[in-house]
There are 2 protein chains.
Amino acid sequence: MKVIASLTFAAAACALSVPAFAQFAKAEDAIKYRQSALFVMAQHFGRLGAMANGRIPFDAKVAADNAEVVADMAKLPWAAFGPGTEQGAPTKAKPDIWVEQAKFKEHSDKLIAESAKLAAAAKTGSLDTLKTAFGATAGTCKSCHDAYRAK
Amino acid sequence: MKVIASLTFAAAACALSVPAFAQFAKAEDAIKYRQSALFVMAQHFGRLGAMANGRIPFDAKVAADNAEVVADMAKLPWAAFGPGTEQGAPTKAKPDIWVEQAKFKEHSDKLIAESAKLAAAAKTGSLDTLKTAFGATAGTCKSCHDAYRAK
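How each quantity is defined
Residues numbered from 1 in each chain as written. Chains lettered and ligands numbered in written order. Predicted model: local features only at pLDDT ≥ 70, side-chain atom pairs only at ≥ 80, totals over all residues. Heavy atoms only, no water. Phe/Tyr/Trp six-rings, centres within 6.5 Å; stacked < 30°, edge-to-face > 60°. Helix = DSSP H or I, 4+ residues; strand = E, 2+ residues; numbered from the N terminus. Buried < 20%, exposed > 50% of the residue type's maximum accessible area, 1.4 Å probe, protein only. Expected span 1.5 Å × (residues − 1). Arc of directions from axis to C-beta. Contact = heavy atoms within 4.5 Å. Least-squares fit on C-alpha atoms with pLDDT ≥ 70 in both.

Asks: What is the right way to read the packing of aromatic side chains from this model?
Replies: Aromatic rings considered in pairs are described by the distance between their centres and by the relative angle of their planes. Throughout the structure, instances matching the rule amount to 14 aromatic pairs over all chains. Geometrically, the ring pair formed by Trp78 of chain A and Phe104 of chain A is edge-to-face, given 5.8 Å between the ring centres and 75° between the ring planes. Highlighted residues: Trp78 of chain A in the loop between helix H3 (60-73) and helix H4 (96-99) and Phe104 of chain A in helix H5 (residues 101-123), separated in sequence by 26 residues. With centroids separated by 6.0 Å and ring planes inclined at 40°, the aromatic side chains of Phe81 of chain B and Trp98 of chain B adopt a geometry described as tilted. Here Phe81 of chain B, found in the loop between helix H3 (60-73) and helix H4 (96-99), pairs with Trp98 of chain B, found in helix H4; they are 17 residues apart in sequence, far enough to count as distant. You'll find Phe81 of chain B and Trp98 of chain B in the same group, each marked buried.

Okay, structure coming up:
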């Protein structure tokens, strides 16, 4: 069952061009990798949020650059949630991720799709368009965190 | 002087399309960001090294995918070495980075340039071409680490 889930996960990842190539020497590296990729993404996403919420002035070029990094980074973390990476370093990832891999993958696919839309929205130069796409992307972060990240 | 160095750094960063937009709430975040970006890059670079050195079989598609991530990630860390980020969290970054910003920038520019060549080389599908580009890129990592990373 674990093997089937794992194969399904890998096949689905290939189909989406998600880097199934990210293989890790040890679980600790995988955990550090996914946390690192998510942290980098969050920093750029935070800049967009600051613009969307009016905390910093809107700058179309800066928004487009940040959103592009978000869309790139959004593809990376998932290959590092492979079998055997449930533990090995401090992690907030809930064990359910490895039980409900298809459901978890729905969440990550949604982030990838919404962040691609966010990058496109940021390129329009319209703050209102950016706000809408930012909200949709933030929603995917939240729903996955609510389900699969420990407090 | 610090202001001038900082402006020079920012202007140079813009000219190169290096994300000068990555601003951080606190030094700790900048340090974590650059370490995260470098760790993600190193994981993908390590996969290329394993192929270049024959430790894993050469797979042209996997090589191209990994090299593309390396080239993308190579642009990110440098905006997080801004003034005031010399300390605030454990870091191996030597204080010389903030004294010799132009020289440090030469190193990071070289990595960005070589990793772009690496991505192009990986796309050719030739292992020999990949090996050469891998060696050149690894050389830029080493020379910067030798100069600016504490043991």
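Don't stop here, the text continues.
Asks: Can you walk me through helix H6 (residues 127-148) of chain A in this structure?
Replies: All names here are of chain A. The terminal C-alpha atoms of H6 lie 31 Å apart, and with 22 residues this matches the ideal 32 Å at 1.5 Å per residue to within 8%. The complete set of buried residues in H6 reads Leu130, Ala133, Phe134, Thr137, Thr140, Cys144 and Tyr148. Along the axis of H6, the buried positions cluster into a sector of 120°, meaning they face one direction only. With respect to the buried face of H6, the exposed residues turned more than 90 degrees away are Asp128 and Thr132. Close packing links the buried residues of H6 with helix H2 (27-52), H3, H4 and H5.

Asks: Would you mind going over the relation of the copies chain A and chain B with me for this structure?
Replies: For the pair of chain copies, the relating transformation is a rotation about an axis with a translation along it. Expressed as a screw operation, the relation of chain A to chain B combines 0.0 Å of axial shift with a rotation of 180°, fitting to an RMSD of 0.0 Å. Classification of the inter-copy transformation places it as that of a two-fold axis. Closest approach to the rotation axis within chain A is made by the C-alpha atom of Ser36 of chain A, at a distance of 2.2 Å. The residues that chain A uses at the interface reappear at the interface of chain B in 100% of cases, marking a shared surface.

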